[in-house]
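The residues making up each chain are set out below.
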Amino acid sequence: MENDELQKIWKHVDTEISHWSKDELNVLLTSKVRQTINKFLFISGASVLICTGFLVFLIVAALNRQTDTIYLVNNLTLAIITVISLFIGINFWHQLQGNGYNQPLISWLDVRIKLLSKWLTGKYSSLYLYIIPFLYLLTVLSIHVYFENKHFFEVLQTKESLFGLAVATPIGLFVAFYGAIKIRRYQLRNLQFLKDLYARLCDLE
């Protein structure tokens with residue numbers, strides 16, 4: 001879809017470029033770049049909100065289970081990971097948004113492409129594959145124990161709870177991985193769109 005959109009944009013530009021000023025062309029391309037960058041900002045902003053809401057739950061749940069040491073350790077581990085994720089998400093959102101008014105579009109876009117490439121295809125880009133199972137297990141235990149209104153070990157000793165966890169875990173992991181992979185592919189398509197647009201801009205220089 002992104003490649004088709006790029007072809008339509010450039011077909012229009014190639015046809016009408018002689019009638020457009022440099023400023024008009026820059027406005028068109030800036031608009032397309034901003035629209036694509038905003039897709040990344042939306043996902044980043046949504047992750048920040050989710051992390052914030054989850055952190056609130058972990059704190060409230062821990063305060064209501066102050067005598068359950070294992071549960072507190074479980075929630076503290078999740079809270080630390082969530083805070084780190086929250087910090088990374090806010091920092092990424094800030095870097096990606098930036099201020100492009102004091103530099104050419106091509107320079108501004110180059111910086112964002114490098115940032116996104118590092119995030120999506122860099123050294124730690126596949127780390128989520130290993131983190132998801134660990135986070136999923138701790139999160140399910142945290143939520144399940146909280147609503148069971150029992151101590152951590154009591155829940156794990158209940159056959160019904162163990163059966164429910166055994167059945168739900170594979171399904172939950174499948175959904176989690178499926179969602180993560182779909183979002184990643186969507187982001188990679190948008191990144192490729194920006195790279196193609198950047199290449200076209202370089203050709204116009």
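The numbering scheme is per chain: residues are counted from 1 as the chain's sequence reads. In view of the model being predicted, local features appear only for residues whose pLDDT reaches at least 70, and side-chain atom pairs are presented and counted only at 80 or more, with totals across whole chains, interfaces and linings using the full set of residues. The side-chain values count all of the structure's non-hydrogen atoms but skip hydrogen atoms and water molecules.

**Side note on a nonpolar patch on the surface**
On the surface, a nonpolar cluster with roughly 620 Å² of combined accessible area is contributed by L76, I80, I84, F87, I88 and W119. Looking at the nonpolar patch element by element, the count peaks at five residues for helix α3 (residues 69-97). For helices the rule is a DSSP run of H or I covering at least 4 residues; for strands it is a run of E covering at least 2, with both sets numbered from the N terminus onward. Positionally, I88 belongs in helix α3. Only residues whose relative accessible area exceeds 30% and that form no salt bridge are eligible for patches; like-charged ones are grouped when within 9 Å, while nonpolar side chains (Val, Leu, Ile, Met, Phe, Trp, Tyr) are grouped when within 5 Å. All accessible areas in this document rest on Shrake-Rupley with a 1.4 Å probe, and a residue is counted as covered only by the protein chains that are shown. Salt bridges are counted wherever a side-chain nitrogen of Lys or Arg sits within 4 Å of a carboxyl oxygen of Asp or Glu.

**Overview of the pattern of salt bridges**
Within this structure, the stated rule accounts for one salt bridge. Between K114 and D110 there is a salt bridge, with the nearest N and O atoms lying 3.4 Å from each other. On the criterion of helical spacing, the pair formed by K114 and D110 is a turn pair, its members being four residues apart in helix α4 (residues 105-121). Only protein chains enter the accessibility calculation, which uses a 1.4 Å probe. A residue is then buried if its area is under 20% of the maximum for its type, exposed if over 50%, and partly exposed in between. Judged by relative accessible area, which is 56%, K114 ranks as exposed.

**Side note on unusual backbone geometry**
The phi dihedral of N149 falls on the positive side, at around 60°, and the residue is not glycine. With respect to the element layout, N149 can be found in the loop between α5 (128-148) and α6 (152-156).

**Section: α5**
Over its 21 residues, α5 runs 29 Å from end to end, which matches the ideal 30 Å to within 8%, given 1.5 Å per residue. Residues of α5 that are buried include every one of I132, Y136, L138, T139, V140, L141, S142 and V145, and no others. N149 sits one or two residues past α5 and shows a positive phi near 60°. Expected span of a helix: the number of residues minus one, times 1.5 Å.

**Examining the nonpolar core**
By size, the foremost hydrophobic cluster in this structure holds 20 residues, and its most contacted members are V33, I37, F40, L96, L116 and L194. A per-element tally of this core places α4 first, with eight residues. Residues enter a nonpolar core if they are buried and are Ala, Val, Leu, Ile, Met, Phe, Trp, Tyr or Cys, with the set joined through side-chain atoms within 4.5 Å. If you look at the next biggest cluster of nonpolar residues, it comprises 15 residues, including L58, A61, Y136 and V140.

**As for the confidence of the model for the protein**
pLDDT measures the predictor's confidence residue by residue and takes values from 0 up to 100. The pLDDT averaged across the protein works out to 83; a share of 84% of its residues lies at or above 70. The secondary structure element of the protein with the lowest average pLDDT is helix α1 (residues 2-16), at 49, and the one with the highest is α3, at 92. Scored below 50 in pLDDT, residues 12-18 shows six contacts in the model against residues more than four places distant or in partner chains. Contacts between residues were defined by any pair of non-hydrogen atoms, one from each residue, lying within 4.5 Å.

**Brief notes about the side chain of S142**
Looking at the secondary structure, you find S142 in helix α5. A relative accessible area of 0% means that S142 is categorised as buried.

**Focus on the packing of α3 against α5**
Helix-helix packing is characterised by the crossing angle of the two axes and by the distance between the axes. In this description, a line fitted to the C-alpha atoms serves as the axis of each element, helices being fitted only across the stretch in contact, and the angle between N-to-C directions of two axes falls anywhere from 0 to 180 degrees. It is the contact of α3 with α5, at a shortest axis distance of 10 Å, that shows an interaxial angle of 130°. Here α3 is positioned oblique relative to α5, judged by the angle of their axes. Relative to α5, α3 is oriented so that their crossing is left-handed. Where α3 approaches α5, its residues Y71, N74, N75, T77, L78 and I81 are matched on the opposing element by F134, L135, L138, T139, L141, S142, V145 and Y146. Gly counts as polar in this scheme, as do all residues outside two lists: the nonpolar Ala, Val, Leu, Ile, Met, Phe, Trp, Tyr, Cys and Pro, and the charged Asp, Glu, Lys and Arg. For the contact of α3 with α5, the class distribution of residues is nine nonpolar, five polar and no charged. In these notes the angle categories are as follows: under 35 degrees is roughly parallel, over 145 is roughly antiparallel, 65 to 115 is roughly perpendicular, and the rest is oblique. Crossing handedness follows the turn of the near helix against the far one: under a right angle anticlockwise gives a left-handed crossing, and clockwise gives a right-handed one.

**Considerations on the packing of aromatic side chains**
Working definition: a ring pair exists when centres of Phe, Tyr or Trp rings (six-membered ring for Trp) sit within 6.5 Å. Plane angles under 30 degrees give stacked, over 60 give edge-to-face, the rest tilted. Considering all chains together, one arrives at six aromatic pairs under this definition. Look at Y146 and F147: their rings are 5.1 Å apart centre to centre, the planes differ by 85°, and that puts the pair in the edge-to-face class. When its relative accessible area of 22% is taken as the criterion, Y146 is described as partly exposed. For F147, a relative accessible area of 63% puts it in the exposed group. A centroid spacing of 6.1 Å and a plane angle of 20° characterise the contact between F174 and Y178, whose relative ring orientation is stacked. In this pair, F174 and Y178 both sit in helix α7 (residues 159-204), four residues apart, roughly one turn of the helix.

**Some thoughts on the packing of α3 against α4**
Remark: α3 packs on α4, axes separated minimally by 9 Å, with the N-to-C direction vectors making an angle of 155°. Classified by the interaxial angle, the pair formed by α3 and α4 is roughly antiparallel. Between α3, through I88, F92, Q95, L96 and Q97, and α4, the contact on the second element is made entirely by W108, R112, L115, L116 and W119. Split into classes, the residues belonging to the contact of α3 with α4 amount to seven nonpolar, two polar and one charged.

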